[in-house]
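Architecture and fold: a report
One letter stands for each residue in the lines below.
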Protein chains: 2
Amino acid sequence: MLTIRDIAAKAGVSVSTASRALNNNPRISLATRKRIQALATAEGYRPNYNAKNLTSGEANAVGVVFPTSDRNSTDNPFYIDLLRGINTELMKRQYVLSVAISKTADELLENVKAMVAQGKIKRFVLLYVHQADPVAAFLREKHLHFVTIGEPVDGHDDYFVDNDNLEAGIGGASFLLDQLAVKHPVFVESGHNWGYEQQRRQGYERVAAQYNVEPLTCKLNDLEYVQSFIKHHPEIDGIMATDDFNAIEFYRLLREQYVASHFPVVSYNHSLPTGLTDANLHSVNLFPEKMGSATVSLLFSDREETADKQIRIPYEIK
Amino acid sequence: MLTIRDIAAKAGVSVSTASRALNNNPRISLATRKRIQALATAEGYRPNYNAKNLTSGEANAVGVVFPTSDRNSTDNPFYIDLLRGINTELMKRQYVLSVAISKTADELLENVKAMVAQGKIKRFVLLYVHQADPVAAFLREKHLHFVTIGEPVDGHDDYFVDNDNLEAGIGGASFLLDQLAVKHPVFVESGHNWGYEQQRRQGYERVAAQYNVEPLTCKLNDLEYVQSFIKHHPEIDGIMATDDFNAIEFYRLLREQYVASHFPVVSYNHSLPTGLTDANLHSVNLFPEKMGSATVSLLFSDREETADKQIRIPYEIK
DNA sequence: CTGTTAGCGCGTTCAT
DNA sequence: ATGAACGCGCTAACAG
């Protein structure tokens, strides 16, 4: 294995000169810097992370924390794309992506604690937002950098990346009412009251008011409830759902009662393979990969008082 | 930060004694070992991974490699559950999960190379199986330990964890023909010819022969093809699909032409929220979390000549 | 059984 | 502008 000593020897300089040259220290003449850097690349020299981290006292790793259970917020391709966006950005900085994931909250917290205490990881990404989250509390207490995916609740002013869900709600509703000429759209959401659902609903309600249509919301609780809801609202002629799965589910139940009708649908995440439904489905792309890369730039931002603590990623309807 | 010197000092012994005691070295008397270990836990001592790794020359991390694109094999909750299974097992061993994920194959390979050269990672999990995969080739060449999720192709005898897909195919087909009393089942697969699809199809064909029914396979190529296929096969009265998405898609197209009919469905992965279809869907659970934990035990197995290089996880139909 | 010493690879004083 | 020497936290070889 090639160490910095080898490079120094081959270059005919001391180790410290080599080290400085490789780190672009201006105290070394530009000429020798270039020379040594060229040599290093030529020889295929790679610095040992463990040694670097040992001296610096900080790991070149970012901890990415998954929610304990995501059976409810089923945005799965979303996570994968997010990871891709995060990691591509981390690689540029010579950083590594470490994940914390577990079924139980206790084990997850233990995981994060080990990353901090033993792994010297000082930067984290939380792929979720929870009320009174022990992981976030721990990170705050230790004054470690972290960014959440999704706007914080509980009134914390953490750094975060999110979509502009209100704007996306407005955009989706306008698209439905304007372009698709729907008269009586229904807003479909899960029974969980997720933050992004509330925000998108607000956008929907605002547009509804503007178009003088009565806002109408259906939570996907039990089957009977939804079926009876549909029965009582025969006027529905279009769907706006908080994600693709909710959209498909409601669409199916609607068609069950009104077989022949045609219902345009707008939903979010762009996360399903085509062919799962015959609905005229317009899924809003939220660009998870961009969210990932924005997360990293926020995570490594200067964090001055003046700096923005949030990034909103725009959406796209097609 | 508490180092091993502090523990040694408080215990009134030398650093090396402390080190040995904490690593349970039998050269230290059991009494002092216990004493020092107790002290360490009491004081909340945590060894620094970077220092350990520097001396050992090997990182306490496992590299988990994602496929470059998974837009085709859409088993997403599958990946998350897999990660959970892997990480839970890694935590027990004081290991950390590092991921390599990227959009391009070149960048992915670069990612893995950095993990090896700079991160000193020596164990990997490949969440996929590809023909002539450069990552796998690199790992083989460097004689590093790795386990793939899915049976290797290309005739390599890598370590792997998989379902017994043939058996699962037989089980699924039997369930359909026997319990659900289907007479003319169709086997639905993607256009990709994945290994697991072929194996499940074999199982299906074997059972079909046994029940004296003509095997019938439909690849989900373009829409027109599938619609025409359905038109030419009005005898179909049940579906066996290689995953839930394929099942739902085919089911939908079938119902389009035969609205009133009832078609039992068997598919795999157990990966969708309920409510997405009105099909009588029996999705085979493949226990991804168990696969994850098996992967780790294989990754850390002794690797003697005699040892098995594979683990098959059983399935369950409900 | 335990302590002393050296060294892992690198960054960084402090000299020169 | 460059080099020598030390230290990060820990393990291991070598004493005793």
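Residues numbered from 1 in each chain as written. Chains lettered and ligands numbered in written order. Predicted model: local features only at pLDDT ≥ 70, side-chain atom pairs only at ≥ 80, totals over all residues. Heavy atoms only, no water.

All names here are of chain B. In space, the five strands of this open sheet follow the order β7-β6-β8-β9-β10, with parallel pairing throughout. Across the chains shown, the open sheet's two edge strands, defined by having one partner strand only, are β7 (217-220) and β10 (280-284). Adjacent strand axes in the sheet meet at a mean angle of 20 degrees, parallel and antiparallel pairs treated alike. With five bridges joining them, strand β9 (residues 264-268) and β10 adopt parallel strand pairing. Residue pairing for β10: Pro264 is matched across the bridge by Asn280. On the sheet, helix α8 (residues 165-179) packs against β6 (185-190), β8 (238-241), β9 and β10 and is oriented at approximately 170 degrees with respect to β9. (Pairing = 2+ DSSP bridges. Helix = DSSP H or I, 4+ residues; strand = E, 2+ residues; numbered from the N terminus. Axes fitted to C-alpha atoms, helices over the stretch in contact; angles between N-to-C directions. Contact = heavy atoms within 4.5 Å.)

This next bit is on the protein's contact with DNA strand D. Near DNA strand D lie 25 residues; those nearest to it are Thr17(A), Arg27(A), Ile4(B), Ser19(B) and Tyr45(B). Backbone atoms, meaning sugar plus phosphate, form 62% of the atoms of DNA strand D positioned within 4 Å of the protein. A distance of 3.3 Å is found between a base nitrogen of DNA strand D and a side-chain nitrogen or oxygen belonging to Ser16(A). In this structure, Asn48(B) approaches DNA strand D through a main-chain N or O atom, which is 3.3 Å from a phosphate oxygen. Looking at the surface near DNA strand D, the elements that each hand over two or more residues are α2 (15-22) and α4 (49-56) of chain A together with α2 (15-22) and α4 (49-56) of chain B. The residue inventory of the surface near DNA strand D, partitioned by class, reads eight nonpolar, twelve polar and five charged. (Near = heavy atom within 4 Å. Polar contact = N/O pair within 3.5 Å; in protein donor to acceptor, adjacent residues only side chain to side chain. Nonpolar A, V, L, I, M, F, W, Y, C, P; charged D, E, K, R; others polar.)

By a simple turn and slide, chain A fits onto chain B: the slide is 0.1 Å along the axis, the RMSD is 0.2 Å, and the turn is 180 degrees. When the rotation and shift are considered jointly, the pair of chain copies conforms to a two-fold rotation axis. (Least-squares fit on C-alpha atoms with pLDDT ≥ 70 in both.)

What follows is about the UniProt feature "domain: HTH lacI-type" (unreviewed entry) in chain A. The UniProt record annotates "domain: HTH lacI-type" (unreviewed entry) at residues 2-56 of chain A. Summarising residues 2-56 of chain A: 69% helix, 0% strand, and an end-to-end C-alpha distance of 21 Å. (UniProt positions renumbered as here; feature names shortened; annotations may be inferred.)

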